[in-house]
Amino acid sequence: MLTQSDVERIAHLARLEIDQGESKVFSDSLSRILALIEEMNAVDTSGIEPMAHPQDVGLRLREDEVTETNRRAELQGIAPATEDGLYLVPRVVG
Amino acid sequence: MKWESVIGLEVHTQLLTASKIFSGASAMYGSEPNTQACAVDIALPGVLPVMNVEAARMAVKLGLVIGAEINRHSVFARKNYFYPDLPKGYQISQYELPIVKNGYIDIEVNGTKKKIGITRAHLEEDAGKSLHEDFHGLSGIDLNRAGTPLLEIVSEPDMRSAAEAVAYLKKLHELVRYLEICDGNMQEGSFRCDANVSVRPKGQETFGTRAELKNINSFKFIEKAIEFEIERQIDVLESGGEVVQETRLYDPDKGETRPLRGKEEAHDYRYFPDPDLPPLELDEAFIEAVRQTLPELPDAKRARIKRDYKLSDYDAGVLTATAKMADYYERAVKESKSDPKLVANWIIGDLSAYLNKENLSIEHSAVSATKFAGLMKNIDDGTLSVKTGKQALELLWKGEGADVTDESAAAESVIVKFDLAQIGDTTKLEQVIDKVLAASGAQVQQYRSGQEKVFGYFVGQVMKATGGKANPKQVNEILKKKLNG
Amino acid sequence: MGPEAVINKSLAELSRALQTEETSSVDLTRAFLDRVDNGQGLNAFITVDGDRALEQASAADARIARGDAGPLTGIPLAHKDIFCTKGLLTTCGSKILSNFIAPYNATVIERFNQAGAVILGKTNMDEFAMGSSNETSYFGAVENPWDRACVPGGSSGGSAAAVAARLTPAATGTDTGGSIRQPAAFCGITGLKPSYGRVSRYGMVAFASSLDQGGALTHSAEDAAYLLSVMAGFDPRDSTSIDRPVDDYVGRLEQDISGLTIGLPRQFFGEGLDPEVGQRVEAAIEEYKRLGVKAVDVDMPNCSLAVPCYYVLGPAEASSNLARYDGVRYGYRAPEYTDLIDMYKKTRSQGFGAEVKRRILIGTYVLSAGYYDAYYLKALKLRRLIAQEFQQAFQVCDLIVGPTTPTTAFKLGAKVDDPIAMYLNDIYTIPANLSGLPGISIPAGFDDAGHPIGLQLIGGYFAEARLLNMAHHYQRVTDWHKQTPAGCA
C-alpha cells in the first residue's frame, strides 16, 4: 500500500512534480502494482545468490588510452543553454 | 570532564590515468571547459561505460602497500542523486564490495607509533564542477572532471587528535605520490580530505555524534579545522547542548567551521549494482603483475639511503621526501662517483634554494641529475672550489651548457667557457710560485730563519696572482717544497 | 520491377534483384518511401528523411556497381526510434527527447551503414519502450494493420506495423520484456530477440540495462537471419557485449531438426491463455511433430512470477537510467521555472508521460531505503531461480515452445487505464529477458476475428541459429507468415 505522502516523497526523490490529484491516481495504481509485486513472496529465496546480470561474465577492461577528441561545439549545439563553453543552469546553492 | 576526540578521514585521491575511468576522454587537469567531456561523460542517451584497467591497477597498488585485502570480486554500483555536475543522475561507485579492504598505515606523533586502520578503498568516478560566477545569477557547469577516476580511502575512526590526523594524511599523501597513482596536488583538488570528528568523555566506549568537515585543501587547514571543531563540540557539550550530525565547512579566513548553507536533504541514494558493468574480477596473475611494479616505499627507502650513504636522519629524510628527490640524489651520487655527503649537502643546500625560489619540484629542476653529477664530480676532485662551484651551478641553472648534447659534460663546458677551474697544472703553478718567491726576497729570508708564520703571506700572493683558482692544497705542497728545499 | 512487385519479396530476393540490377536501391527506396508517405494512417513512423535515404540508396547502387556489395547493401530498413542515428531525430517516443538530434550512431546503426543498408526512417514506439500497446508514445498510438481499431503491440509497435503493412522490408526493434516478440505476434510477423550480450546496446537508449536487447522484426526467420548477421557481434563499447564468434545464421537455416525435443512449460498453457491462441499453438506443435520433433512437458513454476519480478527490476533500472533527462545538456527543458529543483521537476514532469512516471516512481520506491531488500534484492534472487529453471528445462529439451502472448491484439484504449492488465500481456515473454535467453515469435495462424497469433520459441544462450532454423522449418511448411493485411498488398 502506497499512501499519497509516499508518492510525494518518492516523486521528490525522482524529481517529478506531482500535484494532489496526480498523487491520488498514482497512489492507487502504484499500490495495485505493489500488490502484484508482492506475489514474489510466495517463493522462498533464502540462500539464493542475487542475479544482477543475465550473463555470468567478469568486467572487461580497456587500456588506458585517450581515444576521444574535443567535440564541444557539436555536443553543445544540442544543449538548451550554454555560454562560454559551460552548460547553464539556475544557480546551484552551495 | 576530560574529553577525547575521535577522528576518521575520507580521502579522495584522483588517480593519474591518461583517460577517464569509464570513457576514452582525457583526464588532464586545467583544459578549457567541457573540451574533455565526451559523449559518455555528458551522459548522452544510449552511451555505456567501459572500465579503464589502469584505475584498477592503481587501486591494487595502494591495497598492496597498506597490507590490505584485494577483493578478487568487487562490484560497481550506482549512487543516485540529482545535481547538475552529475550528468547521469548517478555516480558509479563501489558500495558493498570495494576493491580494497582492511588495510592500515603506521604513523608516528611525538615519538609514539600508532597503527591507523583503513576500512576500505574503493573506485569511483569524479563529478564535474559548478562555477558560480559571471552568469547573471546562473551557474555554469564544466564536465571536464566528470568521470576522472577517484580512489576513496576511508580510515577507521582511529585518530585521537588533529596531529594524528595530519600525520596519517601526510603518510598517505607521501604513499600515493611514491606509488605515482596521484599527484597529491591539494590546491587543484587531486587529493581531497573530509574529516569525521566527534568527541566523547574519556573512557566512554560509544562514539559521540559526529560532524563531517568537507573538502579541506591543505594540511595546515585540516589541523586547524579539526582543532576548532573539537573545541566547538566540547563547548557545546559542556554548556549542556547537543552536537548535531551535520556537514560543516571550514573557513580559512575566520579559522572556524560552520554548517553547510541551506537545509540539508535527507539522502536516499538508492544504491544498486550497475547493470552496465559486470563485476570486476581480478585474478592472481593480475595482482602479481601489479606487485612486480611496486616501487621501494618511503620508510624502506629512507632507511636504506641513510645506511648506504652514511647520512644523518635529517639528510635521509629530506632526500626521500619524494621518490623523485631520492632518484635524483642517487643518480647524482652514482654518476659523479663523488662523496655522498658532499652531494647531499649540495642538493639540500644550494639546489633546493633554487628550486624553492621558483617553486619547482625536483623533477622540474633546470639542472638535471646528470648535469648535477658532472658538477659534483668537479667539486669532489678539486677542479672547482666551493666558490666556483656555486658560480657553476648558477650558470647551469640559467641554462649555460644547455647546448652540450652529452649532459654529463655540461658542467665541464661551463667551467671551460667561464674559466672556473682551479689551476691544477703543476708546471704552471710552479712558474707562478717562482715569480712570487722571487719578488718576496725579504719574506723568504724571514721564513727560512724560522718565522714560519709568513707562509700564509706566500699563499695569499699566489692566490692573488691566480685569481683564486689555484688549488690551495697544491699551492701548499709546492711552496713547502721550494722553501724547504 | 514495379513497386507492387517488390513489397512482398524476401530480403534474399530483393538482394538478388539488386545484384542482378533488376532493380536499384534508389528505386526500391523510393517505392517504400511512397508507401510510408501514404502510410495508410498507421502512424508507424516518427521520422522519415527521404532525401537522406535516397542519398544512401544511390551510394549503395554505386557500391553494387563496384561489386563490393553484401547481402543487405541497398536494402531499405526502418529502425525503432530508440537507436541513436547521427544527424537524425532520435526521440525514444518521448517529449523529453522530441528535439534530440543524436550526435552519434548506435553500434547497430553503424553496422547497418557499413553493410550498405538504407535508413528508411525511425519508427514509432512506446515512450522509452515502456508499454505493450504503443499507446504511451508522445507521437500518438500506432494502429494494427490487421485491425485498425486494435493496438499493434509494443513497445516496438511502429516497427511491427510497418513490416506487417509492407512499409519497409524489415525493421529493428528492442525487447526488454517482450517488446519485439509481442508486437510481432500481434502484427503477424517474425520477431527475434537475441541473447543478452549478442547485439551491442551502445547507442540504444536504455530502459532497463540488464534486460534490453536489440533484435529484428521481419516477414520470415530467413529475413531475421540476414538482419541478425549484421547486428550481432562483439562491441568493445558495451561492457555487457559478449566476445564470441557470430554463427552463420543464414547458412544454418536448413539444418535438420528431426530428433530435436521441444519443451512445453505447463505454466505457459494455463489460466489466462485465450483458447483460440492455445489451439493454434497446439496445432503448431503438431506441425513440429510431423517434422520429426519430439515434445515433452516441462514444469517451470517460478516463471509464473516473472511479471512481478520484472516490475521490480525493470522500473528500478529505468528510474536510474532516466535520471539523465534533466534539461541540462540536451533534450527538452521546461520554459518556466523558479530554481534548479523546480527546473528538474517541471522539465521531467512535462517531458515524461504517465506510464514513464509510474515506472520511475515504482523503481524509485523499490530501491529506496528500507525497501531494497524486500523488493529489489528479492527480485534479483527470484530472477536467478527463473534462470535456473530454464537451465533445468534444457536438460530435457532443446527449445522451449509456447504462445507469445495470452491473447491476440486488443482494442486501442482497452487497457490504458489498467496497468496490471497491460503488464500481464508480457507474461510469456518476460522470462527470456530475465534469463538473458534468445526468443523468437513467428506467425502461427489467426483467431476468428482475423487477428494474428504468435508462436514463441526460446533457446539456450546464444542458440539464435537453432531458433531461426526451427522457425524456418515451420515457415517452409506453413504460409501464415506470407499473409498480408487487407489493403496492404
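Residues numbered from 1 in each chain as written. Chains lettered and ligands numbered in written order. Predicted model: local features only at pLDDT ≥ 70, side-chain atom pairs only at ≥ 80, totals over all residues. Heavy atoms only, no water.

A. View of the overall build of chain B. A tally of helices and strands in chain B yields 15 helices and 17 strands. The C-alpha radius of gyration computed for chain B amounts to 31 Å, which surpasses the reference 23 Å derived for 485 residues by more than 25%, pointing to a less compact arrangement than a globule. In chain B, which comprises 485 residues, the proportion classed as buried is 54%. Contacts in chain B between residues at least 24 apart in sequence constitute 69% of all its contacts with a sequence separation of at least 6. Across chain B, the 62 positively charged side chains and the 73 negatively charged ones have centroids separated by 7 Å. (Helix = DSSP H or I, 4+ residues; strand = E, 2+ residues; numbered from the N terminus. Rg over C-alpha atoms; globule rule 2.2 N^0.38 Å. Buried < 20%, exposed > 50% of the residue type's maximum accessible area, 1.4 Å probe, protein only. Contact = heavy atoms within 4.5 Å. Lys, Arg positive; Asp, Glu negative; His and termini not counted. Charge placed at Lys NZ, Arg CZ, Asp CG, Glu CD.)

B. Representation of the packing of aromatic side chains. Applying the stated rule across the entire model yields 32 aromatic pairs over all chains. Centroid distance Phe82 of chain B to Tyr344 of chain C: 5.6 Å. Interplanar angle 50 degrees. Geometry classified as tilted. Here Phe82 of chain B, found in the loop between β5 (76–80) and β6 (90–94), pairs with Tyr344 of chain C, found in helix α11 (residues 340–351), and the two come from separate chains. Under the relative-accessibility criterion, Phe82 of chain B is labelled buried at 11%. (Phe/Tyr/Trp six-rings, centres within 6.5 Å; stacked < 30°, edge-to-face > 60°.)

C. Inspection of the packing of helix α5 (residues 107–115) of chain C against helix α8 (residues 221–231) of chain C at higher detail. Residues and elements named next belong to chain C. Orientation of α5 relative to α8, taken along the N-to-C sense of each, is 110 degrees, at an axis distance of 8 Å. As far as their axial angle goes, α8 and α5 are roughly perpendicular. Of the residues in α8, those in contact with Val108, Arg111, Phe112 and Ala115 of α5 are Leu227, Val230 and Met231. Here the residues of the contact of α5 with α8 are counted per class, giving six nonpolar, no polar and one charged. (Axes fitted to C-alpha atoms, helices over the stretch in contact; angles between N-to-C directions. Parallel < 35°, antiparallel > 145°, perpendicular 65-115°, else oblique. Nonpolar A, V, L, I, M, F, W, Y, C, P; charged D, E, K, R; others polar.)

D. Layout of the side chain of Gln76 of chain A. Mapped onto the elements, Gln76 of chain A comes out in helix α3 (residues 72–76). There is a polar contact of 3.0 Å between the side chain of Gln76 of chain A and the backbone oxygen of Gly85 of chain A. When residues no more than four places from it in sequence are discounted, the contact partners of Gln76 of chain A are Thr82, Gly85, Leu86 and Tyr87 of chain A together with Asn34 of chain B. (Polar contact = N/O pair within 3.5 Å; in protein donor to acceptor, adjacent residues only side chain to side chain.)

E. Spotlight on the pairing of strand β9 (residues 399–403) of chain C. Residue and element names in this part refer to chain C. Buried residues dominate β9, accounting for five of its five residues. Of the pairings in the sheet, the one linking strand β7 (residues 261–265) to β9 comprises two bridges and is parallel in character. In the strand pairing of β9, Gly263 is matched with Ile400. Here four bridges tie β9 to strand β11 (residues 452–458), and the two strands are oriented antiparallel to one another. Bridge pairing in β11 places Val401 opposite Leu457. (Pairing = 2+ DSSP bridges.)

F. Representation of the environment of Leu361 of chain C. Structurally, the position occupied by Leu361 of chain C is in helix α12 (residues 354–367). Of the residues examined, Leu361 of chain C reaches a relative accessible area of 0% and is grouped as buried. Considered as a pair, Leu361 of chain C and Ser319 of chain C are 42 residues apart in the sequence and their alpha carbons are 7.2 Å apart. Not counting the four nearest positions on each side in its chain, Leu361 of chain C is found in contact with Val7, Ile10, Ala11, Leu16, Ile18, Phe26 and Leu30 of chain A.

G. Helix α14 (residues 455–466) of chain B, seen in detail. All names here are of chain B. Taking 1.5 Å per residue as the helical rise, α14 with its twelve residues ought to reach 16 Å, and the 17 Å between its terminal C-alpha atoms agrees with that figure. Taken together, the buried positions of α14 are Phe455, Phe458, Val459, Val462, Met463 and Thr466. For α14, the arc enclosing every buried residue in end-on projection is 135 degrees, short of the 170-degree limit, so these residues lie on one face. When the buried face of α14 is taken as reference, the exposed residues oriented beyond 90 degrees from it are Lys464 and Ala465. (Expected span 1.5 Å × (residues − 1). Arc of directions from axis to C-beta.)

H. Seen up close, the sheet that holds strand β3 (residues 86–90) of chain A. Read from one edge of the open sheet, four strands run β2(A)-β3(A)-β10(B)-β9(B), paired in antiparallel fashion. Each of the sheet's edge strands pairs with one partner strand only, and the pair in question is β2 (82–83) of chain A together with β9 (129–131) of chain B. Sheet topology note: the β9 of chain B/strand β10 (residues 138–142) of chain B ladder contains three bridges and is antiparallel. Note that in β10 of chain B the partner of Ser130 of chain B across the bridge is Ile141 of chain B.

I. Here's a closer look at the interface of chain B and chain C. With 30 residues of chain B at the contact, the number on the chain C side is 38 residues. Summed over both partners, the interface of chain B with chain C buries about 2,700 Å², with 60% contributed by carbon and sulfur atoms. Among the residues chain B hides against chain C, the three largest losses belong to Pro45, Leu48 and Phe82 of chain B. Together they make up 23% of the total. Ionic pairing is found between Asp276 of chain B and Arg201 of chain C, a salt bridge with its closest N-O pair at 3.0 Å. In this assembly, chain B and chain C are joined by 16 residue pairs in polar contact (both at pLDDT 80 or more). (Buried area = accessible area lost by both parts, 1.4 Å probe. Salt bridge = Lys/Arg side-chain N within 4 Å of Asp/Glu carboxyl O.)

J. Molecular detail of the interface of chain A and chain C. Counting residues at the interface gives 52 residues for chain A, matched by 72 residues for chain C. With both sides pooled, the region where chain A packs onto chain C buries about 5,400 Å², and carbon together with sulfur makes up 69% of that total. Contact with chain C buries area across many residues of chain A, yet Met40, Met51 and Arg60 of chain A alone supply 14% of it, more than any other trio. The interface formed by chain A and chain C contains two salt bridges. A salt bridge links Arg32 of chain A to Asp418 of chain C; its shortest N-O distance comes to 2.9 Å. The interface formed by chain A and chain C holds 17 residue pairs in polar contact (both at pLDDT 80 or more) in total.

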